[in-house]
Amino acid sequence: MKVPFNTVFQDNGNGSYTPKGTIRVGGVTMGTGVTFTKGVSFSGFNIAQYAGHELEIKKHQDGLIEIIGVH
């Protein structure tokens, strides 16, 4: 399923982004206590770089959002 970036991440207004819930990127699971800034990459995925794009996600029954790709 494709969703806007801001569906999954909160823009903190200072160039950083925080997940709105539990996410998984490239096998790494993170919660709302994580903050991403430009240059921070997980499994080759630089979160801040994709602000404004659509994310390809998979929603799991437990509420986990797995990021599969970017469009």
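Below, the structure is looked at part by part.

What counts as what
- Residues numbered from 1 in each chain as written.
- Predicted model: local features only at pLDDT ≥ 70, side-chain atom pairs only at ≥ 80, totals over all residues.
- Heavy atoms only, no water.
- Phe/Tyr/Trp six-rings, centres within 6.5 Å; stacked < 30°, edge-to-face > 60°.
- Buried < 20%, exposed > 50% of the residue type's maximum accessible area, 1.4 Å probe, protein only.
- Helix = DSSP H or I, 4+ residues; strand = E, 2+ residues; numbered from the N terminus.

Under the criterion given, the structure shown has 3 aromatic pairs. For the ring pair F5 and F9, a centre distance of 4.9 Å and an interplane angle of 20° mean the geometry is stacked. Exposure remark for F5: the relative accessible area of 4% places this residue in the buried category. Ring centres of F5 and Y17 lie 5.2 Å apart, and the angle between their planes is 90°; this geometry places the pair in the edge-to-face category. Taken as a pair, F5 in helix α1 (residues 5–8) and Y17 in strand β3 (residues 17–19) lie far apart in primary sequence, 12 residues in all. In terms of burial, F5 and Y17 fall into one category: buried. These aromatic residues form a ring-pair network of at least three members: F5, F9, Y17 and F36.

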